[in-house]
Amino acid sequence: MQEAIIKRAKELLADGSVNRVIGWKKGEFVYDITPAVFETAEEIDADFVYNELTSANVSKYLVKETKKDGKVLVFLKPCDTYSFNQLTKEHRINRENVYVIGIPGGPKLDVEKIKAKGITGILNITNDNGTLKIETLYGEETMPFADAVSTKCENCKSKKHVVFDELIGEDGDITDTNRFEMVEKLENMTSQERFDFWRDQLSKCIRCNACRNICPACTCEKCVFDNPDLGTDNKAAADSFEENMFHIIRAFHVAGRCTDCGECSRVCPQNIPLHLLNRKFIKDINSLYGEYQAGEDTTSRAPLTDYTFDDCEASIVHERGAE
Amino acid sequence: MQVNENKDFEPVIVAFCCNWCSYAGADLSGTNRLNYPTNVKIIRVPCSCRVNPMFILRAFQRGADGVIMCGCHPGDCHYTSGNYFARRRMTLLFSMLDYLGIERNRTRVEWVSAAEGAKFAETMESFTADIKKLGPNRRLEDLRCRKQ
């Protein structure tokens, strides 16, 4: 797959139809791959990489890149195409300046899950028919591929590219997953249990803002959390209220626009399951205002900028389910 | 004689009232000499749609024990559709607060028109009674803001 992608990127660069390529770049270690912009074939040959560890969603980089001169080539996994569509819909991406090539997606690996098994000094990771062969400084280790699958890929919502100019590999279908399982489990707890669960999780927050910075839906030039009048800008949360406030508001700002790409949870250095907050909003929107998948198209109205005359009243929230 | 478990507890309640209906409704309950609890502090907003979810959280932070949002009845909004948007927004916010384990009934949305002075007073009575039953807001409070 990587060879085909690199070949096509170099072709398009060579014939001048694109000026830049957004892809993934090797890091110091085999597992710290970062998104990068490539401008020459030499750079691509040296650093471009695409494998089971390239899980970053690169669509957000287009917000800045498409404002510059020239055309950008971007490689999007199926889940990234939803973010791309959502950004196009919000006029954040200049669609004319992008050439989208759809590439097959996950399941991707989460290196933290490998490290959690006590495997350290990782030099190389290869997938051999469902078994991971991990070369380390201390010899070779193996573990099942399924045990190291990234949380965001565990409940893959779609293998279908909703937007592309060209495809490498085959297009899949929308998958049928039970992604709300954990949300339902939480909903069925008592309010004290839920409170304890979230206190446990959110109190780990160090306010690094990684979830906000990675989020393809969070593209405000000036974020509410950077407002010096707020008193909490770029500061570690002072108490439980601030932790709650940050996460409620962060999730609320992307409600109805979140495509459930799972990047927030992936980048969280404290492993807070932030996607559970977003999924709660998605689940509520689906059940109260009709099924809606952000980023599926570029024309429909987002649920929070729309209404019907017979919407449910807010009290419905207090009437349903367990206390 | 009724036994009040929280005899000494006087909650602080913030009511966001839209300028055109609920605020006028509150005014009417005043001119009609109707009583409603003094725990209720009214904040006038141009439209219920002006109420940012952050306002609700801020009210809790600064020591409110309950927050109620009042607006024009659906269909009667001075700006045609403001309260429809507010309704969706508040539904999702309340659902999220519930999901995070904040007690139910600390938040409420009520539609009060300019002619419903009596309804305004009744609503505030019942909401204050609910909050008294729930007790002080401890799960969503900012300790730094607690009165000594």
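The structure under discussion appears in the preceding block.
Anyway, here's the lowdown on the structure attached to this text. (Residues numbered from 1 in each chain as written. Chains lettered and ligands numbered in written order. Predicted model: local features only at pLDDT ≥ 70, side-chain atom pairs only at ≥ 80, totals over all residues. Heavy atoms only, no water.)

## Topic: the overall build of chain A
Link 1 in the chain: Helix and strand content of chain A: 13 helices and eight strands.
Link 2 in the chain: Computed over its C-alpha atoms, the radius of gyration of chain A comes to 21 Å, within 12% of the 20 Å expected for a compact globule of 323 residues.
Link 3 in the chain: Reported as C-alpha extents along the three principal axes, the dimensions of chain A are approximately 60 × 50 × 45 Å.
Link 4 in the chain: Intrachain contacts of chain A at a sequence separation of at least 6 include 67% that bridge at least 24 residues.
Link 5 in the chain: Surface exposure of chain A reaches about 14900 Å², of which carbon and sulfur atoms provide 48%.
Link 6 in the chain: Charge-centre separation for chain A: the mean point of 41 positive side chains lies 2 Å from the mean point of 55 negative side chains. (Helix = DSSP H or I, 4+ residues; strand = E, 2+ residues; numbered from the N terminus. Rg over C-alpha atoms; globule rule 2.2 N^0.38 Å. Contact = heavy atoms within 4.5 Å. Areas by Shrake-Rupley, 256 points an atom, 1.4 Å probe, with all protein chains shown as cover. Lys, Arg positive; Asp, Glu negative; His and termini not counted. Charge placed at Lys NZ, Arg CZ, Asp CG, Glu CD.)

## Describing the interface of chain B and chain A
Link 1 in the chain: Taken together, the contacts link 36 residues of chain B with 48 residues of chain A.
Link 2 in the chain: For the pair chain B and chain A, the two sides together bury roughly 4000 Å², of which 63% comes from carbon and sulfur.
Link 3 in the chain: It is Arg88, Tyr99 and Arg104 of chain B in chain B that bury the most area against chain A; as a group they hold 24% of the surface buried on that side.
Link 4 in the chain: Linking chain B with chain A are five salt bridges.
Link 5 in the chain: Across the salt bridge formed by Asp311 of chain A and Arg88 of chain B, the nearest N and O atoms sit 2.9 Å from each other.
Link 6 in the chain: Put simply, chain B and chain A have 17 residue pairs in polar contact (both at pLDDT 80 or more) between them.
Link 7 in the chain: Of all elements in the fold, only helix H2 (53-61), helix H3 (82-99) and strand E4 (107-111) of chain B reach the threshold of two or more residues within the side of chain B that touches chain A.
Link 8 in the chain: Of all the elements, H3 of chain B adds the most residues to the side of chain B that touches chain A, at 15 residues. (Buried area = accessible area lost by both parts, 1.4 Å probe. Salt bridge = Lys/Arg side-chain N within 4 Å of Asp/Glu carboxyl O. Polar contact = N/O pair within 3.5 Å; in protein donor to acceptor, adjacent residues only side chain to side chain.)

## Remarks on the state of the cysteines
Link 1 in the chain: Inspection of the entire model under this criterion finds one disulfide over all chains.
Link 2 in the chain: This cysteine, Cys268 of chain A, is not joined by any disulfide, and Cys208 of chain A carries the nearest cysteine sulfur, 6.3 Å off.
Link 3 in the chain: Owing to a relative accessible area of 10%, Cys268 of chain A belongs among the buried residues under this scheme.
Link 4 in the chain: The cysteine Cys18 of chain B is free of any disulfide, with Cys72 of chain B supplying the nearest cysteine sulfur at 3.4 Å. (Disulfide = S-S within 2.5 Å. Buried < 20%, exposed > 50% of the residue type's maximum accessible area, 1.4 Å probe, protein only.)

## Quick word on the packing of helix H12 (residues 275-289) of chain A against H3 of chain B
Link 1 in the chain: Running from amino to carboxyl end, H12 of chain A crosses H3 of chain B at an angle of 135 degrees, the nearest separation of the two axes being 10 Å. Accordingly, the angle class assigned to the pair H12 of chain A and H3 of chain B is oblique. Viewed along their axes, H12 of chain A and H3 of chain B form a crossing whose handedness is right-handed. Every residue of H3 of chain B that contacts H12 of chain A at Leu276, Leu277, Lys280, Phe281, Asp284, Ile285, Leu288 and Tyr289 of chain A is listed here: Arg87, Arg88, Thr91, Leu92, Ser95, Met96 and Tyr99 of chain B. (Axes fitted to C-alpha atoms, helices over the stretch in contact; angles between N-to-C directions. Parallel < 35°, antiparallel > 145°, perpendicular 65-115°, else oblique. Left-handed = near helix turned anticlockwise from the far one by under 90°.)

## Some points on H12 of chain A
All names here are of chain A.
Link 1 in the chain: Given a rise of 1.5 Å per residue, 15 residues ought to cover 21 Å, and the 20 Å separating the end C-alpha atoms of H12 matches this to within 8%.
Link 2 in the chain: A large share of H12 lies buried, amounting to 14 of its 15 residues.
Link 3 in the chain: Positioned one or two residues after H12, Gly290 has a phi angle of 95 degrees, which is positive. (Expected span 1.5 Å × (residues − 1).)

## With respect to empty space enclosed by the protein
Residue and element names in this part refer to chain A.
Link 1 in the chain: This model, assessed by the stated rule, comprises four cavities of 30 Å³ or more.
Link 2 in the chain: Considering only enclosed or pocket space, the largest cavity measures out at about 140 Å³ in volume.
Link 3 in the chain: In terms of lining residues, the largest cavity is bounded by 19 residues, among which Cys215, Pro216, Cys258, Thr259 and Cys261 are the most central.
Link 4 in the chain: Elements represented by at least two residues in the lining of the largest cavity include exactly helix H4 (78-89), helix H11 (263-267) and H12.
Link 5 in the chain: Residue contributions to the lining of the largest cavity peak at three residues, all from H4.
Link 6 in the chain: Partitioned by chemical class, the residues of the lining of the largest cavity number nine nonpolar, six polar and four charged.
Link 7 in the chain: Shared between two domains, the lining of the largest cavity holds at least three residues of each, these being domain 1 (1-108 + 157-177) and domain 3 (178-323). (1 Å grid on protein atoms, 1.4 Å probe; cavity = no way out; pocket = protein on both sides within 12 Å on 5 of 7 lines; lining within 4 Å. Points joined across faces, edges and corners; volume = space filled by probe spheres on them. Nonpolar A, V, L, I, M, F, W, Y, C, P; charged D, E, K, R; others polar. Domains from an automatic or database assignment.)

## As for the sheet that holds strand E5 (residues 122-128) of chain A
Residues and elements named next belong to chain A.
Link 1 in the chain: The strand order across the open sheet built from three strands is E5-E6-E7, with neighbouring strands paired in antiparallel fashion. At either end of the open sheet lies a strand with only one pairing partner, and these are E5 and strand E7 (139-144). Adjacent strand axes in the sheet meet at a mean angle of 20 degrees, parallel and antiparallel pairs treated alike.
Link 2 in the chain: Sheet topology places E5 next to strand E6 (residues 131-136); six bridges connect them, and they run antiparallel. Across the sheet, Ile125 pairs through a bridge with Ile134, a residue of E6. (Pairing = 2+ DSSP bridges.)

Remember that the coordinates give geometry; whether it matters functionally is a separate question.
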